[in-house]
Amino acid sequence: METKSVKTLGKLVSVLDCFSTTERTLTVTEIADRTGLPRSTAHRSILALKEVGFLEQERARDEYRLGIRLFQFGATVLSNMDLQRMARPYCEALSSLTNESVHLCVFDGERMVFVERATGGPTGDQNDMIVMEISPCYCTGVGKAALAFQDEATINRVISAGQDRFTQHTIVDPDDLRRDLADIRERGYALDCEEHKLNVRCVSAPIRNSAGRVFAAVSASGPARRMTEENQHRLAPYVVSHAEAISRKLGWNPATPEDGGAA
């Protein structure tokens, strides 16, 4: 009975795994094809997931998408992450030090997920939290800071998915993006020069887990008129030092070789 339950759970998870940022809605037939399940089994799995709110059916169409209940679970996971709890004082300190907005984000393998935001000085009140907000990883400072230190397979996967142009400054050429990522690895921090949003620039640095793998990033951002390229480089040491402090708090030891795996 236990083995049968595990197999059933595996089928349900395989259905959820079919969805991505590029395939947000799928039909029963498409899900059956992707999972390798018989159409009848796929349909029963879909109905079971729909019943508990993990899937929702598109109106007037035989298509399904991930349900809001998964979002709620995700928000709960983020709120209980050691990263958020341990990094919060460092984010607040960095915001006070730079007088700019600070963002803490996790790399999910494709995009960046906001975990914490602290704003201070002229930009707003301290410690304004954002949960489950998604941003691209190829045109944001936090995204590039995390992506640059992933393995080649992960970088190739992100680049092969294509780069939408958000502004005239967005890097959409794969070769240019690879060169930018190489520069980030060399200097240890990333710059967003109005690549995601006009009039917003930032400087970001990677955060490592106890194994030394980059799985998150932190940034200081502000309006372009104040966050000039000169100021981006001036603030970079502060961002890097706070990112390293968060990494150490999470158990990273710079003397320990990185294990080489993707975050």
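Preceding block: the structure.
These figures come from a predicted structure and were not determined experimentally.

1. A word on the packing of aromatic side chains
For the coordinates displayed, the defined rule picks out 1 aromatic pair. Between Tyr138 and Phe166, the aromatic rings sit 6.5 Å apart at their centres with planes inclined by 45 degrees, giving tilted as the arrangement. Here the residue Tyr138 occupies a position in the loop between β6 (134-136) and α6 (141-147), and Phe166 occupies one in the loop between α7 (152-160) and α8 (174-187), the gap between them amounting to 28 residues. Its relative accessible area of 7% is what places Tyr138 among the buried residues. Relative accessible area serves as the criterion here: at 41%, Phe166 is assigned to the partly exposed category. Across the ring face of Tyr189, the terminal group of Arg187 is positioned such that the distance to the ring centre comes to 5.2 Å.

2. Considering the side chain of Glu195
With respect to the helices, strands and loops of the structure, Glu195 is situated in the loop between β7 (190-193) and β8 (200-208). Polar contacts involving the side chain of Glu195 include one to the main-chain amide nitrogen of Cys193, which spans 3.1 Å. What Glu195 contacts, discounting residues up to four positions off in sequence, is Tyr138, Cys139, Lys144, Phe166, Thr167, His169, Thr170 and Ile171.

3. Some thoughts on the packing of α7 against α8
Between α7 and α8, the least distance of the axes is 11 Å, while the angle of their chain directions is 140 degrees. Our classification of the angle between α7 and α8 gives oblique. As α7 packs across α8, the resulting crossing turns out to be right-handed. Between α7 and α8, the residues in contact are Glu152, Ile155, Asn156 and Ile159 and Pro174, Leu177, Arg178, Leu181 and Arg185, respectively. Of the residues contributing to the contact of α7 with α8, the split by class is 5 nonpolar, 1 polar and 3 charged.

Rules behind the numbers
Residues numbered from 1 in each chain as written. Predicted model: local features only at pLDDT ≥ 70, side-chain atom pairs only at ≥ 80, totals over all residues. Heavy atoms only, no water. Phe/Tyr/Trp six-rings, centres within 6.5 Å; stacked < 30°, edge-to-face > 60°. Helix = DSSP H or I, 4+ residues; strand = E, 2+ residues; numbered from the N terminus. Buried < 20%, exposed > 50% of the residue type's maximum accessible area, 1.4 Å probe, protein only. Lys NZ or Arg CZ within 6 Å of the ring centre and 35° of its normal. Polar contact = N/O pair within 3.5 Å; in protein donor to acceptor, adjacent residues only side chain to side chain. Contact = heavy atoms within 4.5 Å. Axes fitted to C-alpha atoms, helices over the stretch in contact; angles between N-to-C directions. Parallel < 35°, antiparallel > 145°, perpendicular 65-115°, else oblique. Left-handed = near helix turned anticlockwise from the far one by under 90°. Nonpolar A, V, L, I, M, F, W, Y, C, P; charged D, E, K, R; others polar.

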